[in-house]
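What follows is each chain in one-letter form.
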Amino acid sequence: MISVETAVDLIQQHLPNWGTEIISLSEPWYRRLAVAISSDRPYPPIDRIMVDGIALRWAAYGSGQRSFPILGVVPAGEVPPTLTDPQACFEVMTGAALPQGCDLVIPYEALEIRDSIAHIRHPEPWSPYQFVHRCGSDALAGQQVLAAGTPLHSPAWGILASVGQIKVPVRRPPRTQIIATGNELIPPNEVPQPYQLRLSNAYALMAALRRQGYTHVSISHLPDDPVQLATHYRQASQEYDLLIYCGGVSKGKFDYLPQLWRDHGVQQYIHGVAQRPGKPLWFGVDHTQQTAVFGLPGNPVSSLVCLHRYVLDIVPLYARLSSPFSFEKPLTYFLPVKLEITKNAELIAHPRPMQNSGDFLALADSDGFLELPALQGVFAAGECYRYFPWS
Ligand SMILES: Nc1nc2c(c(=O)[nH]1)N[C@H]1C(S)=C(S)[C@@H](COP(=O)(O)OP(=O)(O)OC[C@H]3O[C@@H](n4cnc5c(N)ncnc54)[C@H](O)[C@@H]3O)O[C@H]1N2
Ligand code: MOO
Ligand SMILES: [Mg+2]
């Protein structure tokens, strides 16, 4: 069986590239930028005034002058006037362009204005351009402002709008279907017999995917029937980029899927990872269709943990284990935890162990899971491990 690290590498190597798509600035979905974005002009594009007050010439102030006749008021959004009289000033508003001939701005708080004359009452050592956000000081025209691959958080959308990028090239999220397999499963709106259960995993997986920007996600349900599974696969592999199966990948008499995928030309890269939960994980790629196939083990905790570790692009944090935990098998152990963030900015992971990977309800009081490495069996309180938050 391969390690978690090898499994992650294999997936990264073989996952198809699903290209890019253009989305609109007014539909700010969670996506990653496909290309770098450059500024269309200098930022700020003018010498931008940062306080409400007056603008004048530093030389006049420096020579001892303290009272300045006001030539006019300069609001934001107007062509800046020119200071024709070097002994005078303009009233200027935050966001306005610095009038030509001015290089000093003094806020209203330091002034007294009477009869259209500004008197400087607080002669601090005002310095040239002190309250001026200089033209081009944030970025020059043509300078990269967002790198390719940047996750589009709210600041990034603000930057896109600011440089006029109304069509945003992003990495295309795969058209995804979650296929819940199993005769025992029924839809959530039906009343199960004691030997049946609602197909909860599919909804948990869909929620996690949607929250990561997978906008095209559907759910289907198939019985453990090889003919129906095969018919569905032939159609679905043409319509979807990513098929996430849940259940039917282990050693049971009705676990048809791994053989069925191979028979349909899916190149198998992973079947079995040295981990708990999630040992029977399967991954392959149908290279003729550019469709990736994940077979997530059916137990609810297994499928959700595998989705987070192998399918979603989650950057892990590090958290400190609050109490000792042991797992003495040569397997990576994914331990559900509740996260506490202390005043010292420490992430403390409180174990919320499950009885087994069918114990889905144990996750209710968890925020994510720790990845406890296979080479270790005893994990002491205070040790730090990778932490994956639930999407
Ligand atoms: N002889 C062996 N038996 C099993 C092994 C093994 O190595 N040798 N592995 C075990 C492990 S570990 C897991 S995990 C399960 C995985 O099994 P499958 O992927 O084949 O999943 P199923 O058998 O279809 O279902 C397992 C379990 O999960 C429930 N389930 C399935 N789908 C859903 C769903 N959408 N929503 C809620 N619950 C679901 C299903 O009813 C079963 O209880 O195999 C072990 N066996
Ligand atoms: O390891 Mo399986 O994924 O526990 O139930
Ligand atoms: Mg099974």
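The name given to the chain in an unreviewed UniProt entry is Molybdopterin molybdenumtransferase, with Thermosynechococcus vestitus as the source organism. Of the comments in the UniProt record for the chain, the one headed Sequence similarities (unreviewed entry) reads "Belongs to the MoeA family." Its UniProt record gives the chain the following Cofactor (unreviewed entry) comment, quoted word for word: "Mg(2+)".

## Topic: the overall build of the chain
Within the chain, the regular secondary structure consists of seven helices and 28 strands. Here the C-alpha radius of gyration of the chain, 31 Å, is well above what a compact globule of 391 residues would show, namely 21 Å. Along the first, second and third principal axes, the C-alpha set of the chain runs to 95 × 50 × 40 Å. For the chain, the residues scored as buried account for 46% of the 391 residues in total. About 19000 Å² of surface is accessible on the chain, with carbon and sulfur atoms providing 53% of the total. Measuring between centres, the 29 positive side-chain charges of the chain sit 4 Å from its 34 negative side-chain charges.

## Let's talk about the nonpolar core
Counting 62 residues, the largest nonpolar core has Leu 307, Tyr 310 and Leu 370 as its most contacted members. Of the residues forming this core, the biggest block, seven residues, is contributed by helix 7 (residues 300-311). Per-domain counts for this core show at least three residues from each of domain 1 (4-18 + 173-311) and domain 4 (317-389). Here Leu 370 is in contact with Ala 319, Leu 321, Tyr 333, Phe 334, Leu 335, Val 337, Ala 349, Tyr 385, Arg 386 and Tyr 387, once residues within four sequence places are set aside.

## Observations regarding the coordination of the magnesium ion (ligand 3)
Distances from the magnesium ion (ligand 3) to its protein donors, Asp 255 (OD) and Asp 255 (OD), fall at 2.5 Å. If you trace the backbone, Asp 255 turns up in the loop between strand 17 (242-246) and helix 6 (257-263).

## With respect to the site of ligand 1
Neighbouring residues of ligand 1: 20 residues in total, closest Glu 184, Gly 248, Val 249, Ser 250 and Gly 298. Contact between ligand 1 and Glu 184: an oxygen atom at 2.5 Å from a side-chain N or O atom of the residue. Its free accessible area being 880 Å², ligand 1 has 70% of it covered by the protein chains. Elements with a minimum of two residues in the shell around ligand 1: strand 15 (197-198) and helix 4 (200-211). For the shell around ligand 1, the class distribution of residues is seven nonpolar, eight polar and five charged.

## Section: the side chain of His 133
Relative to the elements of secondary structure, His 133 occurs in strand 10 (residues 132-133). There is a polar contact of 2.9 Å between the side chain of His 133 and the side chain of Asp 138. Look past the residues within four positions of His 133 in its chain and what remains in contact with it is Pro 44, Ile 46, Asp 47, Arg 48, Met 50 and Asp 138.

## Brief notes about the domain arrangement of the chain
Assigned domains within the chain: domain 1 (4-18 + 173-311), domain 2 (21-43 + 138-171), domain 3 (48-133) and domain 4 (317-389). With centres defined by C-alpha atoms, the gap from domain 2 to domain 4 works out at 37 Å.

## Overview of the packing of aromatic side chains
On inspection of all chains with the given rule, the structure shows twelve aromatic pairs. Centroid distance Tyr 245 to Trp 261: 4.8 Å. Interplanar angle 70 degrees. Geometry classified as edge-to-face. Placement of Tyr 245 in strand 17 and of Trp 261 in helix 6 is noted, with a sequence separation of 16 residues between them. By the burial criterion, Tyr 245 is buried, and Trp 261 matches it.

## Observations concerning the sheet that holds strand 4 (residues 53-56)
Within the open sheet, the six strands sit side by side as 7-4-6-5-9-8. Their pairing is mixed. Every interior strand has two partners, whereas the edge strands, strand 7 (104-107) and strand 8 (111-114), have only one. On average, adjacent strands in this sheet sit at an angle of 35 degrees to one another, irrespective of strand direction. Across four bridges, the pairing between strand 4 and strand 7 is antiparallel. Note that in strand 7 the partner of Leu 56 across the bridge is Leu 104.

## A short note on a positive patch on the surface
On the surface, a cluster of positive charge is made up of Lys 251, Arg 276, Lys 279 and Lys 329. Relative to the helices and strands, Lys 329 is located in the loop between strand 23 (325-326) and strand 24 (332-341). A relative accessible area of 41% means that Lys 329 is categorised as partly exposed.

## As for the site of ligand 2
Around ligand 2, the neighbouring residues are Pro 277, Gly 278, Lys 279, Asn 299, Ser 302 and Ser 357. Within the backbone of Gly 278, a nitrogen or oxygen atom sits 2.4 Å from an oxygen atom of ligand 2. Between an oxygen atom of ligand 2 and a side-chain N or O atom of Asn 299, the distance comes to 2.9 Å. Split into classes, the residues belonging to the shell around ligand 2 amount to one nonpolar, four polar and one charged.

Here is what the cut-offs are and how they apply
Residues numbered from 1 in each chain as written. Chains lettered and ligands numbered in written order. Predicted model: local features only at pLDDT ≥ 70, side-chain atom pairs only at ≥ 80, totals over all residues. Heavy atoms only, no water. UniProt positions renumbered as here; feature names shortened; annotations may be inferred. Helix = DSSP H or I, 4+ residues; strand = E, 2+ residues; numbered from the N terminus. Rg over C-alpha atoms; globule rule 2.2 N^0.38 Å. Buried < 20%, exposed > 50% of the residue type's maximum accessible area, 1.4 Å probe, protein only. Areas by Shrake-Rupley, 256 points an atom, 1.4 Å probe, with all protein chains shown as cover. Lys, Arg positive; Asp, Glu negative; His and termini not counted. Charge placed at Lys NZ, Arg CZ, Asp CG, Glu CD. Core = buried A, V, L, I, M, F, W, Y, C linked by side-chain atoms within 4.5 Å. Domains from an automatic or database assignment. Contact = heavy atoms within 4.5 Å. Donors = N, O, S within 2.8 Å, 3.2 Å for Na, K, Ca; no water. Near = heavy atom within 4 Å. Polar contact = N/O pair within 3.5 Å; in protein donor to acceptor, adjacent residues only side chain to side chain. Nonpolar A, V, L, I, M, F, W, Y, C, P; charged D, E, K, R; others polar. Phe/Tyr/Trp six-rings, centres within 6.5 Å; stacked < 30°, edge-to-face > 60°. Pairing = 2+ DSSP bridges. Axes fitted to C-alpha atoms, helices over the stretch in contact; angles between N-to-C directions. Patch = residues over 30% accessible without salt bridge, like charges linked within 9 Å, V, L, I, M, F, W, Y side chains within 5 Å. Salt bridge = Lys/Arg side-chain N within 4 Å of Asp/Glu carboxyl O.

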